[in-house]
Amino acid sequence: MGEVIYPRMAVIGCGLIGSSVILAARAAGTVGEVFVADASPAHRARITELGYADLVTGDIAQAVAGADLVVFAVPVMAMGEAALAAAATLKAGATVTDVGSVKGSVAEALAKALPDTAFVVPGHPIAGTEQSGPEAGFAELFDRRWVILTPQARTDDPYLEAVQRLADFWTRAGANVDRMDPAHHDLVLAVTSHLPHLIAYNIVGTAADMEEVTQAEVMKYSAGGFRDFTRIAASDPTMWRDIFLTNKDAVLEILGRFTEDLQALSRAIRWGEGDKLFELFSRTRDIRRGIVAAGQESAEPNFGRDRGKHS
């Protein structure tokens, strides 16, 4: 373990990602004290039981007071309200970041709510499982995963140093760090994350509607592909509702392109164009192999998803 980067870290919202941030930071030795604020009494009791934090409270202002790093790990539509609750007691010079999957609206909400004395550096660790709650977290969640930071358009040295400290924090947690414009981030994630989840929710919903027609055979004979869809569709509904509403422009743009490609695929099937189907399937298989080769997945279907189980 190296030197402590942040003597005190406050985590606002302690579900899968929030708890994993704590565990990864503790394992890497990058933080000293950890304060947690969570709105759920059940979560607070479980956080205390698991020993994640030096202080567990339902009061955001209490949790962030004196913190050197504040990590907002609440649903994206709750970021602005949470930041407003933190503003009055936020330490001058504190770094404030988040873990939301949408960056444009979050960056705007944090900048509007927080004082100029804070260093606001929105972020997004591209990591997770379908599990939720404090007990779902594990220290290795960010190993070899990408964390995208979307810094503000500031060029003063103190801010740039704060951005680098946060990048170092994530690197010590095992992650790869990149920096990106918020709007570009939202477009990229609409392709790689948001649309796949939307498709998964839709196809599982369609299958549920077909249950009566097929006399429950859809669930009984679920093959691997459908099981993968159900895993994705088991993700937190509040989080994903907020993502689609706050990133709707990018999602609708990518959804339109996907619909056009789907229509082309439908025509190829209808007209028996086997060469077109074979070309598409070969190209997509190569993409899958590239993802595995890049270390972003393994050949095992449960890559990383059996980790971090607490008794």
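Residues numbered from 1 in each chain as written. Predicted model: local features only at pLDDT ≥ 70, side-chain atom pairs only at ≥ 80, totals over all residues. Heavy atoms only, no water.

1. Structural notes on the overall build of the protein
Summing up its helical and strand segments, the protein has 12 helices and nine strands in all. Residue pairs in contact within the protein that sit at least 24 positions apart in sequence constitute 74% of those at least 6 positions apart. On the protein, roughly 15,900 Å² of surface is accessible, and the fraction owed to carbon and sulfur atoms is 56%. (Helix = DSSP H or I, 4+ residues; strand = E, 2+ residues; numbered from the N terminus. Contact = heavy atoms within 4.5 Å. Areas by Shrake-Rupley, 256 points an atom, 1.4 Å probe, with all protein chains shown as cover.)

2. Side note on the sheet that holds strand β8 (residues 146-149)
Here we have three strands laid out as an open sheet, ordered β7-β8-β9, and mixed in their pairing. At either margin of the open sheet sits one strand with a lone partner, and together these are β7 (123-125) and β9 (176-179). The sheet shows a mean angle of 20 degrees between the axes of neighbouring strands, direction not considered. The pairing of β8 with β9 spans four bridges and is classified as parallel. Paired with I148 across the bridge in β9 is D178. Helix-sheet contacts for helix α6 (residues 157-172) involve β7, β8 and β9, and the interaxial angle to β9 is about 150 degrees. (Pairing = 2+ DSSP bridges. Axes fitted to C-alpha atoms, helices over the stretch in contact; angles between N-to-C directions.)

3. Points about unusual backbone geometry
Here R144, not a glycine, exhibits a phi torsion of approximately 65 degrees, which is positive. Tracing the sequence through the fold places R144 in the loop between β7 and β8. When its relative accessible area of 47% is taken as the criterion, R144 is described as partly exposed. (Buried < 20%, exposed > 50% of the residue type's maximum accessible area, 1.4 Å probe, protein only.)

4. Side note on the packing of helix α4 (residues 79-87) against helix α5 (residues 104-113)
The geometry of α4 relative to α5 is characterised by a closest axis approach of 8 Å and an angle of 20 degrees between their N-to-C directions. By the angle class used here, α4 and α5 are roughly parallel. As α4 runs across α5, the sense of the crossing is right-handed. Counting all contacts with α4, which are made through M79, G80, A83, L84 and A87, the residues of α5 involved are V106, A109, L110 and A113. Of the residues that constitute the contact of α4 with α5, the class distribution is eight nonpolar, one polar and no charged. (Parallel < 35°, antiparallel > 145°, perpendicular 65-115°, else oblique. Left-handed = near helix turned anticlockwise from the far one by under 90°. Nonpolar A, V, L, I, M, F, W, Y, C, P; charged D, E, K, R; others polar.)

5. Remarks on the sheet that holds strand β1 (residues 6-12)
An order of β3-β2-β1-β4-β5-β6 is seen for the six strands of this open sheet, with the pairing classed as parallel. Looking at the sheet topology across the chains shown, the edges are occupied by β3 (55-57) and β6 (119-120). Strands β1, β2 (31-37), β4 (69-72), β5 (95-98) and β6 of the sheet are contacted by α6, whose axis makes an angle of about 75 degrees with β1.

6. Let's talk about the environment of P122
In this fold, P122 is placed in the loop between β6 and β7. On the basis of relative accessibility, which here comes to 1%, the residue P122 falls in the buried class. Ignoring anything within four residues of it in the chain, the contact list for P122 reads T97, D98, K103, A107, I148, L149 and T150.

7. As for the pairing of β1
Counting buried positions along β1 gives five out of seven residues, so the element sits mostly inside the fold. Bridge count for β1 against β2 is six bridges, and the pairing is parallel. Paired with V11 across the bridge in β2 is V36. Once the chain exits β1 it traverses helix α1 (residues 16-28) before rejoining the sheet at β2, and the crossover so formed is right-handed. The sheet contact formed by β1 and β4 spans four bridges and is parallel. Directly across from A10, in β4, lies its bridge partner V70. (Right-handed = clockwise from strand over helix to strand, strands pointing away.)

8. A closer look at the environment of S40
Note on placement: S40 falls in the loop between β2 and α2 (41-50). Considered as a pair, S40 and C14 are 26 residues apart in the sequence and their alpha carbons are 9.4 Å apart.

9. Brief notes about α1
Given 3.6 residues per turn, any residue in an α-helix points the same way as the ones three and four places further on. Helix length check: α1, at 13 residues, gives a terminal C-alpha distance of 18 Å against a target of 18 Å (1.5 Å per residue), a fit within 8%. For α1, the buried fraction is high: 11 of the 13 residues fall into the buried class. Among the residues of α1, those classed as buried are L16, I17, G18, S19, S20, V21, I22, L23, A24, A25 and A28. Phi turns positive one or two residues past the end of α1, at G29, with a value near 75 degrees. (Expected span 1.5 Å × (residues − 1).)

10. Describing the side chain of T97
Structurally, T97 is set in strand β5. Apart from the residues within four sequence positions on either side, T97 is in contact with L69, V70, V71, F72, V121, P122, G123 and L166.

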